[in-house]
Amino acid sequence: MAARASGTSSLASGWKQAAGGARPRSAPLAGAAPAADMAAWPAVPLLINLGGSLLGFAATLTLIPAFKDHFLAARLFGEDLNKASRQPVPEAQGVISGAVFLIILFCFIPVPFLRCFVEEQCAAFPHDEFVELIGSLLAICCMIFLGFADDVLNLRWRHKLLLPTMASLPLLMVYFTSFGNTTIVVPKPFRVLLGMHLDLGILYYAYMGMLAVFCTNAINILAGINGIEAGQSLVIAASIIIFNIVELNGDYRDDHIFSLYFMIPFFFTTLGLFYHNWYPSRVFVGDTFCYFAGMTFAVVGILGHFSKTMLLFFIPQVLNFLYSLPQLFHIIPCPRHRLPRLNPGTGKLEMSYSKFKTKSLSTLGTYILKAVKILHIVDVKSGTDEDGEYTECNNMTLINFVIKLIGPTHERNLTLLLLLIQVLGSMIAFSIRYQLVRLFYDV
């Protein structure tokens, strides 16, 4: 994480940031204000935020079925390929939960600055905090719009990489104007070579931009069964909320309060969406939700100054990304849909396969297939048909890999298992964050 403050008084001062000089998040309060009053101020915005989030949960639950016919009339629907009956299912419902989220936070904008409506409680208006809040909402709003455009226009994969990059620019500008520090604490094993601190300069901004791209697409490529997109986002959001609450007594309390302002409404609006997206799904969340969720996580990770910790909560998504790399980079042919396939006879999901001519595979692709076959992490088959020699392998997603390990399974059980893996990933993340971190940083 970039540096903002000197000293190492908290558990993860080394993990969080190095010595440096960014402006503090909170404006100073008047000295006459009692300490108890100052401590009470953050509780009021958080309670108001929680109340608005609960209303947002109810609104999302109500609005999704209310708008179902509108989406069907606009031909924004698809078929559930993992069901025997191919009834039209409304798509892009993430735009509803995203809109409710934005309305909650638009109404919430003045709340964190309530103390400045009482003259003796505010020495100066905290413009930096205000800019961060507005800039974050702008980035998320842009991502919801671009995600909905993707659902409507069915954009190509190269556009899916470009869109989050564009939407992250307001976020990077806010970081530049409010903090601007690009110095990191070097992990212990590398300090002999690099020293205690290292200024990454523009590379740090490249890292933050790539973080936004990764977060949005990591959720998007771990998808294809009922409830998995919203479910994994709920687990990640809950993990971040727990982390923020634990850190409220630390040195960077204001950063975590800022994160909670976003994560609490996101959790409850996503919970409403998850209710309708759970098996058997009555709606599809669409790329709109994946982009919205990913950008929201990127916002709190970057401006809350815990991007490395946030990435720890993405352990299953990172594993899925690494497993998918040969297909994502088209070293091995990648079909448009990589979701598991339904066996109508058993009603269970089985691995889906990518079939291609053996001679069309590059040398690198051939070596990769040989390696993964030896490691038994991909099911590779070959044979001959009327078109000549062919090779097929299971689509490289974490979903198919789990099916490879446990065999054909019911869609609901598969989703539950993947969400348990997500919870396990969060437990490992907390262990790394509060225990193994001592091996790399001074605490």
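Engineer: Outline the packing of helix α3 (residues 43-66) against helix α12 (residues 253-277), supporting the account with residue identities and numerical values.
Structural biologist: Two elements in contact, α3 and α12, have axes whose closest approach is 8 Å; the angle formed by their N-to-C orientations is 20°. Compared by their axis directions, α3 and α12 come out roughly parallel. Judged by the sense of rotation from one axis to the other, the crossing of α3 with α12 is right-handed. For the pair α3 and α12, the contacting residues are P45, L46, N49, L50, S53, L54, G56, F57, T60, L61, I64 and P65 in the first and L260, Y261, I264, P265, F268, T269, L271, G272, L273, Y275 and H276 in the second.

Engineer: Lay out the nonpolar core in plain terms, naming residues and giving numbers.
Structural biologist: Ranked by internal contacts, the top residues of the largest apolar core, which has 90 residues, are I140, F262, F266, M295, F297 and F314. With 12 residues, the top contributor of residues to this core is helix α13 (residues 286-303). When residues no more than four places from it in sequence are discounted, the contact partners of F314 are F214, C215, A218, I219, I236 and F297. Formed by 11 residues, the second largest nonpolar core is a distinct cluster that contains Y323, F356, I368 and V380.

Engineer: For the packing of α3 against helix α5 (residues 94-108), give the residues involved together with the corresponding values.
Structural biologist: Orientation of α3 relative to α5, taken along the N-to-C sense of each, is 150°, at an axis distance of 9 Å. Between α3 and α5, the angle falls in the class roughly antiparallel. Our pair here, α3 against α5, has a crossing hand that is right-handed. Note on element contacts: α5 touches α3 through I96, S97, V100, I104, L105 and F108, opposite P45, I48, N49, G52, S53, G56, A59, T60, L63 and I64. Within the contact of α3 with α5, the residues separate by chemical class into 10 nonpolar, six polar and no charged.

Engineer: Which residues make up empty space enclosed by the protein, and what values go with them?
Structural biologist: To find the voids left in a structure, one rolls a probe of water-molecule size over its atoms. Throughout the structure, instances matching the rule amount to one cavity of 30 Å³ or more. A volume near 40 Å³ is recorded for the largest cavity. Lining the largest cavity are L222, I228, P316, L398, L418, I421 and Q422. Class assignment for the residues of the lining of the largest cavity results in six nonpolar, one polar and no charged.

Engineer: Can you tell me about the side chain of N82, naming the residues and giving the values?
Structural biologist: Within the element layout of this structure, N82 appears in the loop between β1 (77-79) and β2 (88-90). Looking at N82, the relative accessible area reads 3%, which means it is buried. With sequence-adjacent residues up to four places away left out, N82 is seen in contact with G224, I225, L339, P340, R341, L342, L349 and E411.

Engineer: So what's going on with helix α15 (residues 315-328)? Residues and values would help.
Structural biologist: Under the 1.5 Å per step criterion, the end-to-end length of α15 is 18 Å for 14 residues, consistent within 8% with the ideal 20 Å. Remark: the principal bend of α15, roughly 35°, maps to L322, with a proline, P326, within the next four residues. Restricting attention to buried positions, one finds in α15 the residues P316, Q317, N320, Y323, S324, P326 and Q327. Among the residues trailing α15, H330 stands out with phi positive, at a value near 60°.

Engineer: I'd like a description of the layout of surface pockets, backed by residues and values.
Structural biologist: Approximately 1,600 Å³ is the volume attributed to the largest pocket. Residue lining of the largest pocket: 48 residues in total, with W157, K160, N220, D287 and R336 positioned closest to the centre. Going through the elements one at a time, β1, α6 (127-153), α7 (157-167), α10 (202-221), α13 and α15 are the ones with two or more residues in the lining of the largest pocket. For the lining of the largest pocket, the element with the most residues is α10, which contributes seven residues. Grouping the constituent residues of the lining of the largest pocket by class yields 21 nonpolar, 14 polar and 13 charged.

Engineer: Before we move on, could you go through the packing of aromatic side chains and cite the residues and values that matter?
Structural biologist: For the coordinates displayed, the defined rule picks out 25 aromatic pairs. Note on F266 and F297: the rings are 5.2 Å apart at their centroids and 70° apart in plane angle, and the pair reads as edge-to-face. Of this pair, F266 sits in helix α12 while F297 sits in helix α13, and the two are 31 residues apart along the sequence. Comparing F266 with F297 shows no difference in burial state: the two are buried. Through a chain of ring-to-ring contacts, the aromatic side chains of F101, F214, F266, F289, F292, F297, F314 and F321 assemble into a single cluster. In this structure, K355 packs its charged tip against the face of Y390, placed 4.3 Å from the ring centre. Over the aromatic face of Y434 sits the side chain of R433, whose NZ or CZ is 5.0 Å from the ring centroid.

Engineer: Help me get a handle on the pairing of strand β9 (residues 388-394), residues and values and all.
Structural biologist: Where burial is concerned, most of β9 is hidden: five out of the seven residues are buried. As paired elements, strand β7 (residues 353-357) and β9 share five bridges and run antiparallel to each other. Residue pairing in the sheet places S354 in a bridge with C393 of β9. Two elements, strand β8 (residues 380-385) and β9, share six bridges in a ladder whose sense is antiparallel. Note that in β9 the partner of S382 across the bridge is T391. Following β8, the chain reverses through two residues before pairing antiparallel with β9.

Engineer: If you had to explain the pattern of salt bridges to someone new, which residues and values would you point to?
Structural biologist: On inspection of all chains with the given rule, the structure shows five salt bridges. Put simply, D80 and K83 hold a salt bridge, and the shortest N to O gap is 2.8 Å. Here the two residues D80 and K83 agree in accessibility, since each one is buried. The closest approach of N and O atoms between E411 and K83, which form a salt bridge, is 2.8 Å.

Reading the values: rules and limits
Residues numbered from 1 in each chain as written. Predicted model: local features only at pLDDT ≥ 70, side-chain atom pairs only at ≥ 80, totals over all residues. Heavy atoms only, no water. Axes fitted to C-alpha atoms, helices over the stretch in contact; angles between N-to-C directions. Helix = DSSP H or I, 4+ residues; strand = E, 2+ residues; numbered from the N terminus. Parallel < 35°, antiparallel > 145°, perpendicular 65-115°, else oblique. Left-handed = near helix turned anticlockwise from the far one by under 90°. Contact = heavy atoms within 4.5 Å. Core = buried A, V, L, I, M, F, W, Y, C linked by side-chain atoms within 4.5 Å. Buried < 20%, exposed > 50% of the residue type's maximum accessible area, 1.4 Å probe, protein only. Nonpolar A, V, L, I, M, F, W, Y, C, P; charged D, E, K, R; others polar. 1 Å grid on protein atoms, 1.4 Å probe; cavity = no way out; pocket = protein on both sides within 12 Å on 5 of 7 lines; lining within 4 Å. Points joined across faces, edges and corners; volume = space filled by probe spheres on them. Expected span 1.5 Å × (residues − 1). Bend = angle between axes of the 7 residues up to and from the residue. Phe/Tyr/Trp six-rings, centres within 6.5 Å; stacked < 30°, edge-to-face > 60°. Lys NZ or Arg CZ within 6 Å of the ring centre and 35° of its normal. Pairing = 2+ DSSP bridges. Salt bridge = Lys/Arg side-chain N within 4 Å of Asp/Glu carboxyl O.

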